[in-house]
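Observations on chain architecture
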Amino acid sequence: KVVIVDYGSQYTQLIARVIRELGYYSQVVQYDEPLDTDEVGAVIFSGGPESVYEENSPGLPEWFERYNGKVLGICYGMQLVVHALGGAVEQGKTAEYGRTELEIIKDDDIFSGIEKHLTVWMSHGDHVKKLPKTFKTIAKSKDGIIAAATDEKKFWLLQFHPEVRHTSYGREIIENFLSRVCKLVPNWSLEDFIKQKINELREHLSGKKVVAALSGGVDSSVACVLVHRAIGENLLNVFVDHGLLRKNEEEEVPRIFRQVLGLNLLKIDARKVFLEKLRGIVDPEKKRKIIGEQFIRVFEKEAKRYGATHLIQGTIYSDVIESAKSGKKTAAIKSHHNVGGLPQRMDLEIVEPLKNLFKDEVRIVGEMLGIPRSIIHRQPFPGPGLGVRIVGEITEEKLEILKEADDVFIQVLKETGWYEKTWQAFSVLLPVRSVGVRGDKRAYDYVLALRSVDSVEGMTADWSRLPHEILDLASRRILNRVKGIGRVVYDISSKPPATIEWE
Ligand code: XMP
């Protein structure tokens with residue numbers, strides 16, 4: 001495998017992905033994290049925001065002395081190696097950011113098949129002033145800065161970022177390093193992953209009783225179908241209908257998983273209890289808490305009745321990396337906050353079959369397993385569902401209005417091809433009524449906010465620049481078709497400072 005040591009670069013995950021796409025298994029570790037070096041075929045030091053000459057800047061990993069293979073140092077990774085081996089790094093007078101022209105001045109395996117002049121992406125203020133003794137410069141930037149260097153034994157160092165798309169031949173450089181310098185053979189494919197994972201799950205779980213909370217979200221769906229392939233009927237998928245789902249979802253999701261995919265699915269109709277518990281509650285945090293606790297209660301009852309010993313969770317690799325960065329070494333439970341408290345309470349063992357995959361890999365695996373597009377390309381939906389999209393008190397009447405209106409909005413986006421272009425689009429029912437005219441009569445109906453955002457992982461987001469005609473179509477259809485809505489507005493707030501959801 002290829003190990004990427006993370007020094008805090010915003011591109012670390014990108015390095016890991018490019019390597020996977022090239023057909024090698026990659027793993028990201030934090031620089032201060034322990035590592036068993038036995039199976040490591042290549043090491044990459046990522047970039048990072050710090051300066052090596054500053055006190056307390058991150059150093060070489062503790063395990064590095066035990067590692068005998070080769071290293072690719074990128075940006076901070078280059079400076080770190082130079083600094084550690086007695087060279088000099090300085091702050092540049094003119095920092096090089098963005099596109100830079102580069103010239104290869106000495107042939108090397110890492111530049112095999114690449115033109116002598118190329119455009120690369122730089123993003124650091126520091127650069128190498130003097131290389132350690134045994135190193136040679138193999139590429140220079142047009143300002144004369146050392147852009148690439150090697151000792152031709154252990155270290156290949158790049159001042160620029162080969163992992164970003166703006167670097168021409170970036171992929172080729174990484175591939176050359178892995179195949180020509182490290183002599184690795186690509187052997188990572190998602191077909192193999194599926195086969196191996198199913199065998200592994202079968203061994204680990206045969207004869208066991210396993211439960212999952214299936215919501216129809218991408219990650220949990222793929223995890224459940226994979227486990228189903230391994231152990232069939234011994235996986236019970238519990239689908240809790242809390243009444244806060246989108247229009248027809250409580251019919252559609254169970255139908256797909258039962259009829260199309262053959263899963264053992266138990267649907268629990270808990271709509272009444274949830275509505276009762278939520279009656280009169282206005283505070284968003286209280287609503288979330290009630291919904292979460294109630295969900296656990298319903299799910300726990302079924303899991304106990306079934307005699308479950310294991311719980312499936314749809315944790316994916318970005319969740320694992322994010323939680324490692326924030327200092328918690330255990331995987332975060334993101335896809336279903338709702339069953340978060342359950343494993344300890346019930347003494348269930350957690351199974352996370354997707355925890356080494358990136359989101360796009362999860363989607364491909366899902367497609368290979370035959371899960372329909374409508375599930376695989378679904379937008380994220382919060383655990384508390386429409387409960388946090390009705391601002392203020394939740395009532396049955398408001399739920400009906402919101403379901404209808406949101407369905408119209410999403411249909412418009414699907415018809416016009418915008419649904420798959422946005423990260424998340426939805427409607428929010430406001431506790432505000434507004435005056436209007438319908439026919440000759442005065443009307444006094446609710447205000448509906450449309451929200452659509454572009455984002456990568458949901459951590460930050462910008463409002464989608466939907467064309468006016470699309471907004472117009474959605475607004476007119478909603479006002480004509482949905483009783484109870486008298487005014488439609490579009491939310492143009494970014495995150496931060498706003499959040500994606502309204503509550
Ligand atoms: P915010 O509103 O925090 O949302 O900007 C970021 C992403 O997380 C989703 N979200 C949730 N997901 N339980 C979930 O499973 C929740 O309580 C929850 N709150 C927000 C939100 O839809 C967006 O994708």
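Residues numbered from 1 in each chain as written. Predicted model: local features only at pLDDT ≥ 70, side-chain atom pairs only at ≥ 80, totals over all residues.

**A short note on the overall build of the protein**
The helix and strand tally for the protein stands at 14 helices and 18 strands. In terms of its C-alpha atoms, the protein occupies a principal-axis envelope of roughly 85 × 60 × 40 Å. Buried positions account for 41% of the 503 residues belonging to the protein. (Helix = DSSP H or I, 4+ residues; strand = E, 2+ residues; numbered from the N terminus. Buried ≥ 20, exposed ≤ 12 C-beta atoms within 10 Å, placed from the backbone.)

**Considering the site of the ligand**
Close to the ligand lie twelve residues; Pro382, Gly383, Thr499, Ile500 and Glu501 are nearest. Of the residues belonging to the shell around the ligand, the class tally is four nonpolar, five polar and three charged. (Near = placed C-beta within 6 Å. Nonpolar A, V, L, I, M, F, W, Y, C, P; charged D, E, K, R; others polar.)

**Focus on the sheet that holds strand 11 (residues 235–241)**
The strand order 12-11-10-13-14 describes an open sheet built from five strands, whose pairing is parallel. The open sheet has two edge strands, strand 12 (265–269) and strand 14 (349–351), and neither has a second partner. Strand-to-strand twist in this sheet, taken as the mean axis angle between neighbours without regard to direction, amounts to 30 degrees. In terms of strand pairing, strand 11 meets strand 12 through five bridges, oriented parallel. By the bridge assignment for strand 12, Val240 is matched with Ile268. Packing against the sheet, helix 5 (residues 218–231) makes contact with strand 10 (210–213), strand 11 and strand 13 (310–312), and its axis sits at approximately 150 degrees to strand 11. (Pairing = 2+ DSSP bridges. Axes fitted to C-alpha atoms, helices over the stretch in contact; angles between N-to-C directions. Contact = placed C-beta atoms within 7 Å.)

**So, the domain arrangement of the protein**
Domain annotation for the protein reports domain 1 (2–181), domain 2 (190–376) and domain 3 (395–490). One C-alpha centre belongs to domain 1, the other to domain 2; they are set 39 Å apart. Counting residues at the interface gives five residues for domain 1 and five residues for domain 2. Taken together, the elements giving at least two residues each to the side of domain 1 that touches domain 2 come down to helix 1 (12–21) and strand 2 (26–30). (Domains from an automatic or database assignment.)

**Regarding unusual backbone geometry**
Along the chain, Lys495 connects to Pro496 via a cis peptide bond; the corresponding omega equals -15 degrees. Here Pro496 is to be found in the segment after strand 18 (485–490). Residue Pro496 is joined to Pro497 through a cis peptide bond whose omega torsion reads 5 degrees. Positionally, Pro497 belongs in the segment after strand 18. At Lys183, a residue that is not glycine, the phi angle is positive and equals roughly 55 degrees. Topologically, Lys183 is positioned in the loop between helix 3 (170–181) and helix 4 (190–205).

**Let's talk about the nonpolar core**
Counting 128 residues, the largest nonpolar core has Ile44 and Phe299 as its most contacted members. Not counting the four nearest positions on each side in its chain, Phe299 is found in contact with Ala213, Val238, Val240, Val339 and Leu342. (Core = buried A, V, L, I, M, F, W, Y, C linked by C-beta atoms within 7 Å.)

**Brief notes about the environment of Asn68**
Mapped onto the elements, Asn68 comes out in the loop between strand 3 (42–45) and strand 4 (71–74). Asn68 sits 290 residues away from Phe358 along the chain, and the two C-alpha atoms are 29 Å apart.

**Examining the pairing of strand 7 (residues 136–141)**
Bridge analysis of strand 7 against strand 8 (residues 146–150) gives four bridges, and the strand direction is antiparallel. Looking at the pairing, Ala139 lines up with Ala148 of strand 8. If you look at the hairpin formed by strand 7 and strand 8, you'll find four residues sitting between the two strands, and Gly144 has a positive phi there, around 85 degrees.

**Structural notes on helix 1**
What sets the pattern is the α-helix's 3.6 residues per turn: residues three or four places apart point alike. A large share of helix 1 lies buried, amounting to seven of its ten residues. Regarding helix 1, the residues found buried are Thr12, Gln13, Ile15, Ala16, Val18, Ile19 and Arg20. Positive backbone phi, approximately 100 degrees, marks Gly23, located one or two places after helix 1.

**Comments concerning the environment of Ala425**
By the secondary structure assignment, Ala425 is in strand 15 (residues 424–438). Given 23 C-beta atoms within a 10 Å radius, Ala425 is considered buried. Taking the C-alpha atoms as reference points, Ala425 and Gly113, separated by 312 residues in sequence, lie 45 Å from one another. If near-sequence neighbours (up to four positions away) are discounted, Ala425 is found in contact with Gln379, Phe409, Ile410, Leu413, Tyr419, Arg451 and Ser452.

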